[in-house]
Amino acid sequence: MDHTVARRNFLLGTLGAGSMLTLAACGGGDGDAAPPSGSIAPSPTENPPATAPSVAPAASGPLPPVRLFSDDSMNFDALLGLGESGYGISEVGEVLTAVDEANAAGATYDSYTTAFRAMGDRLATRSDEAAAAGRDVTSRATALRAANYYTRALFFVLGSAQPELEPDVYEDVRRSWDRGVGAFRPAVEYLDVPYDDGSMPAWFFRPDDSGRARRTVIVNNGSDAQAVELVAYGVQAALERGWNAVVFEGPGQGSMLFRQKIVFRPDWENVIGPVIDAVSGRADVDEDRIAVTGWSFGGVLVPRAAAFDHRIAAIVADPGVVDGWEAFPESIRAIVQPGDPQATNDIWNNEVVPVVSPQERFTLAKRLEIFSVEALDAARQGGLPTDFASLAALIEQFEVRDTASQIRCPTLVVDYDDEQFYPGQPEELFELLTTERKDYVKLTAADGAQMHCAPMAPRHRNEVVFDWLDDVLPA
C-alpha cells in the first residue's frame, strides 16, 4: 500500500474546516452539511483562488444556529462577532456588512481577512476623529469595535496570501485596544506584571473609583482570542456585579506571542501566580476573594494553576478541559512514534507536510504557532515546522488528569451542547475533581447557547458564570 496516499486519505477526514481549528478562542465548526432553510450561504466559486478553503466532509452532528459562510471556521468566527454585539464591542450591521463583502469576493481566507480589516480601519479612523474632537465615549466605543474586527482578520491572516502580515494585523488590534481601554471610566489601570526576566501586560478594571476592597476576577483568555473579546466574556459582567476584573496576556497570548515570540507553557501556575502577586497587595482588592475564569483553552490552563496556587478562591473552567492533546484529530496524534522522535519527524515531513492542502496547512499552522518559535516563524512564511516530535511532546503536557485532585477551591465546570473542541472532557474533569464544592452546568441549544464558547449567547453564559461566582464568593 502507498502509505502516503493512505495517510492523505486519513487526514482529509479530520483536517477540514469543520475540525477543531484551534485549541482556544473558538474557531472551527460542524462540517459543511447543507445550511438550513433561510440561512445565508454563498454558492461556491467556480474557480476559487489557491487560498480558498477546500470543502470538508459533511458532519453527522447538528448544524450551527446561523449559516453565514459555507466554511465552518469562518462561520464560527463571524458568529462570535455577532454575539459580542450584546456588549458593544461589535455592531450587528457592521459584522454583516463585512460578511457580505467577504462573500461577494469569494468567501476565502483572503476576502475574510480583507473585509474585517477594512471594517476595522473605518472604525479606527472614526475613533481617531472622535478623540480629536473630545468625544471620548464615541472614541472608546469605535476603538473597541475596531479592535474586535481586527481580531477577526488576525485569526485568518495565516491562511491568506500574505501570512507575513500577522504581526502588522496584531498591531492594528493592539493600537485600537489601547485607545479603547484608555477611555474607560473609571480609568483602567495598566499593569506591568513581572514575569521571568521581563513582564506581562495586564489591565485592571474597577466598577468605581471608591477604592473599596472588592472581589476580583482574573479573566484568563485562551489561545486565539484577543483581550477585547474578554470585555464580552467576563469583564463587563464583572463590573456590572461590583467585581474588579483583570485581563492579562500570558505566554502564547497577544503581545507575548506576536511581539515577543514567547509561546505557551503548561505549568500555568507560574503565569497566574505573578498576576495574583500584582493585584493581591492592593487596597481595592479583597485578597480572600480572587477568582479566575478560564475561557476556551483556558479551561485546561486555569485548573492546572489552581491545583498548585491555593490562593485562588474559586475557578471556572469554560469549558472544562482535561487534555489539550486529545483535542487534536486522532490522525495527527497517530503521527507520533513513541520513543522515536526521528521516525515521528520523518512521517511528518515526508508523508504529511508534502500532501496537505492550503486549507489543511492553515489549520495546522494556526494550531501550532502558539507552541514553538519555529512553528510561529514557519506559519508567517506560509509553511509548517519541521520538528513535530518536540511540538507534540510539549502539547501532551497540557493536561490536568494527574493534578485535578489537588484543586481545593470551589470549581464550576461549563459544558455546551455540540461542543466541537473538547467533547466529553468537561464531564471527565468534573469527575476528577475532589474539591468540596464542585458544580457542572451544560449550556444548551434550547437557549441558543450551543457550541464552544456560546458564540451567540455570551450574556447567558455570563449569567451562569457570575451567578455561580456570586454564590460561592458573596460580596
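Data block above holds the structure.
Every chain is numbered independently, its residues counted from 1 as its sequence is written. Where totals are concerned, whole chains, interfaces and linings use all residues; where local detail is concerned, this predicted model gives features only for residues with pLDDT of at least 70, and gives and counts side-chain atom pairs only at 80 or more. The side-chain quantities take in all heavy atoms of the structure and omit both hydrogens and water.

## What to know about the packing of aromatic side chains
Under the convention used in this document: Here the aromatic set is Phe, Tyr and Trp, taking the six-membered ring for Trp, and pairing holds for ring centres within 6.5 Å; pairs whose planes are under 30 degrees apart are stacked, those over 60 apart are edge-to-face, and all others are tilted. Numbering of helices and strands starts at the N terminus; helices are DSSP runs of H or I of at least 4 residues and strands are runs of E of at least 2. Partly exposed residues are those whose accessible area sits between 20% and 50% of the maximum for their type, while under 20% is buried and over 50% is exposed, using a 1.4 Å probe and protein chains only. For a Lys NZ or an Arg CZ to count as sitting over a ring, it must be within 6 Å of the ring centre and within 35 degrees of the ring normal.
Scanning all chains against the criterion turns up 29 aromatic pairs. Ring centres 4.7 Å apart and planes at 40° place the aromatic pair Y112 and F116 in the tilted group. Here the residue Y112 and the residue F116 both occupy positions in helix α4 (residues 109–132), the gap between them amounting to four residues, near one helical turn. Since its relative accessible area comes to 0%, Y112 is described here as buried. For F116, a relative accessible area of 0% corresponds to the buried category. Grouping aromatic residues by their ring pairs yields a cluster made of F69, Y109, Y112, F116, Y149, F155, F156 and F362. The ring of F184 has R140 lying over it, and the distance from NZ or CZ to the ring centre is 5.7 Å. Above the plane of the ring of F204 lies R282, whose end atom (NZ or CZ) is 3.8 Å from the centre.

## So, the sheet that holds strand β1 (residues 189–195)
In plain terms, the rule: Pairing between two strands is assigned when DSSP locates at least 2 bridges connecting them. Under this scheme, a helix contributes an axis fitted over its contacting stretch, all axes are lines through C-alpha atoms, and angles between N-to-C directions fall in the 0 to 180 degree range. When checking whether two residues touch, look at their non-hydrogen atoms; a contact exists if any pair is within 4.5 Å.
What the eight strands build is an open sheet, ordered β1-β2-β4-β3-β5-β6-β7-β8; its pairing is mixed. In the strand order of this sheet, the two ends are held by β1 and β8 (438–443), each with one partner. Recorded for the sheet is a direction-independent mean angle of 20° between the axes of neighbouring strands. Of the pairings in the sheet, the one linking strand β3 (residues 214–220) to strand β5 (residues 285–295) comprises six bridges and is parallel in character. Within β5, the position partnered with R214 by the bridge is V285. Sitting on the sheet, helix α17 (residues 458–472) touches β3, β5, β6 (314–318), β7 (411–416) and β8, and the angle it makes with β6 is about 160°.

## A closer look at the packing of helix α2 (residues 72–83) against helix α5 (residues 136–156)
This is how it is decided: Every angle not falling under 35 degrees, over 145, or within 65 to 115 is termed oblique; those three ranges are roughly parallel, roughly antiparallel and roughly perpendicular. Helix crossings fall into two classes, left-handed where the near helix is turned counterclockwise from the far one by less than a right angle and right-handed where it is turned clockwise. Any residue that is not Ala, Val, Leu, Ile, Met, Phe, Trp, Tyr, Cys, Pro, Asp, Glu, Lys or Arg is counted as polar, Gly included; the first ten are nonpolar and the last four charged.
Where α2 meets α5, the closest approach of the two axes is 10 Å, and the angle between their N-to-C directions is 165°. Compared by their axis directions, α2 and α5 come out roughly antiparallel. Helix-helix and strand crossings are classified by hand; for α2 and α5 the assignment is right-handed. Packed against α2, whose contacting residues are S73, M74, D77, L80 and G81, the element α5 presents R152, F155 and F156 at the interface. Taken together, the residues that form the contact of α2 with α5 break down as four nonpolar, two polar and two charged.

## As for unusual backbone geometry
Of note, the amide linkage connecting R185 to P186 takes the cis form, showing an omega dihedral of 0°. Position of P186 relative to the elements: it lies in the loop between α6 (166–182) and β1. In this model, D318 is joined to P319 through a cis peptide bond whose omega is -5°. Inspection of the secondary structure assignment puts P319 in the loop between β6 and α11 (330–333). In the Ramachandran plot, D196 falls in the positive-phi region, its phi being about 50° despite a non-glycine side chain. By secondary structure assignment, the location of D196 is in the loop between β1 and β2 (198–205). You will see that M451, though not glycine, has its phi angle at about 75°, which is positive. Of note, M451 is situated in the loop between β8 and α17.

## What about the nonpolar core?
Using the following cut-off: The set of buried Ala, Val, Leu, Ile, Met, Phe, Trp, Tyr and Cys residues whose side-chain atoms join them within 4.5 Å is what this entry labels a nonpolar core.
Counting residues in hydrophobic clusters, the biggest one holds 101 residues, and the most contacted among them are F69, I218, I272, W348 and F371. Those residues in contact with I272 that lie beyond four places of it in its chain are I218, N220, F248, V292, A305 and I312. With 49 residues, the next largest nonpolar core counts I89, W295, L412 and W468 among its residues.

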